[in-house]
Amino acid sequence: MQEQQKKTLLYNIIFIVVGGALLLFLLRAPEENTARIPYDDNHQRFYSMGKKEAEKFCESCHNQTAEAPLPADHPPKYRCLFCHKKVESNG
Ligand code: HEC
Ligand code: HEC
């Protein structure tokens, strides 16, 4: 093999390996570890509601002065149910 052909082959291999790694990285499903909404007396009624409707009620208990305050490092809380899923539905 000529020197130039070797280089071209090497570049092609690098291209494929890097491209494959990137693709794998992008395809990997994001981790789903955000706490789910418990299915208990406090939350059961939300399971039969639409997301937007249910979200009106969350902050009556989950505010800084109520019984179940959000953690101090909680992310922006617009639309609770986008992040906190109901327990039985997987997405
Ligand atoms: C009637 C009061 C009340 C309302 C309304 C309420 N919660 Fe809660 N929630 C609680 C209490 C108390 C806890 C902590 C004890 C527990 O796990 O049930 C809690 C816990 C949680 C947790 C943490 C579960 C865990 O694994 O630590 C999540 C997530 C949550 N609520 C989401 C929501 C969302 C989303 C809504 C609105 C749809 C909502 N809650 C409405 C009282 C409430
Ligand atoms: C952008 C995504 C996102 C949104 C929107 C969001 N949360 Fe969270 N929430 C998180 C993350 C991440 C955590 C911390 C990790 C965990 O414990 O799940 C958390 C933690 C919590 C906890 C404590 C859970 C525990 O185990 O101690 C409660 C309660 C909670 N959120 C309620 C709410 C409520 C109520 C709303 C709407 C007002 C809301 N969240 C909106 C992502 C979100």
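Residues numbered from 1 in each chain as written. Chains lettered and ligands numbered in written order. Predicted model: local features only at pLDDT ≥ 70, side-chain atom pairs only at ≥ 80, totals over all residues. Heavy atoms only, no water.

### Some remarks on the site of ligand 2
- Around ligand 2 lies a shell of 16 residues, among which Ala35, His74, Cys80, Cys83 and His84 are the nearest.
- Within the backbone of alanine 35, a nitrogen or oxygen atom sits 2.7 Å from an oxygen atom of ligand 2.
- One of the side-chain N or O atoms of histidine 84 is found 2.8 Å from a nitrogen atom in ligand 2.
- When contributions to the shell around ligand 2 are tallied by element, the ones reaching two or more residues are helix H2 (51–61) and helix H3 (80–83).
- The class makeup of the residues in the shell around ligand 2 is 9 nonpolar, 4 polar and 3 charged. (Near = heavy atom within 4 Å. Polar contact = N/O pair within 3.5 Å; in protein donor to acceptor, adjacent residues only side chain to side chain. Helix = DSSP H or I, 4+ residues; strand = E, 2+ residues; numbered from the N terminus. Nonpolar A, V, L, I, M, F, W, Y, C, P; charged D, E, K, R; others polar.)

### Let's talk about the coordination of the iron atom of ligand 2
- His74 (NE2) and His84 (NE2) make up the full set of protein donors to the iron atom of ligand 2, lying at 1.9 Å.
- The site at the iron atom of ligand 2 holds 6 donor atoms, and with the angles between them running 88 to 179 degrees, its shape is octahedral. Of this pair, histidine 74 sits in the loop between H2 and H3 while histidine 84 sits in the segment after H3, placing them 10 residues apart in sequence. (Donors = N, O, S within 2.8 Å, 3.2 Å for Na, K, Ca; no water. Tetrahedral: all angles 85-135°; square planar, octahedral: opposite > 155°, others 65-115°.)

### Some points on the confidence of the model for the protein
- Overall, the prediction assigns the protein a mean pLDDT of 88, with 92% of residues at 70 or greater.
- Predicted confidence in the protein is weakest over helix H1 (residues 3–27), with a mean pLDDT of 91, and strongest over H2, with 94. (pLDDT = per-residue confidence, 0-100.)

### Thoughts on the domain arrangement of the protein
- Segmentation of the protein into domains returns domain 1 (1–30) and domain 2 (44–83).
- The C-alpha-based centres of domain 1 and domain 2 are spaced at 46 Å. (Domains from an automatic or database assignment.)

### A few points about the site of ligand 1
- Taken together, the neighbourhood of ligand 1 is formed by 18 residues, with Asp40, His43, Cys58, Cys61 and His62 sitting nearest.
- Contacts to ligand 1 include histidine 43, whose side-chain N or O atom sits 2.7 Å from a nitrogen atom.
- The contact in question runs from a nitrogen atom of ligand 1 to an N or O atom on the side chain of histidine 62, over 2.7 Å.
- Ranked by the residues each element gives to the shell around ligand 1, the list is headed by H2, at 5 residues.

### Looking at unusual backbone geometry
- At arginine 79, a position not held by glycine, the phi torsion is positive, near 65 degrees.
- For arginine 79, the position within the fold is in the loop between H2 and H3.
- Take arginine 79: its relative accessible area is 16%, and that puts it in the buried class. (Buried < 20%, exposed > 50% of the residue type's maximum accessible area, 1.4 Å probe, protein only.)

### Structural notes on the pattern of salt bridges
- Throughout the structure, instances matching the rule amount to 2 salt bridges.
- For arginine 79, the salt bridge goes to glutamate 55, with nearest N and O atoms at 2.6 Å. Here arginine 79, found in the loop between H2 and H3, pairs with glutamate 55, found in helix H2; they are 24 residues apart in sequence, far enough to count as distant. With respect to burial, arginine 79 and glutamate 55 carry one shared label: buried.
- As a salt-bridge pair, glutamate 59 and lysine 77 come within 2.7 Å of each other at their nearest N and O atoms. A residue pair is termed long-range when its members are at least 10 positions apart, and glutamate 59 in helix H2 and lysine 77 in the loop between H2 and H3 qualify at 18 residues.
- With a relative accessible area of 38%, glutamate 59 lands in the partly exposed category.
- Overall, lysine 77 belongs to the partly exposed group, its relative accessible area being 44%. (Salt bridge = Lys/Arg side-chain N within 4 Å of Asp/Glu carboxyl O.)

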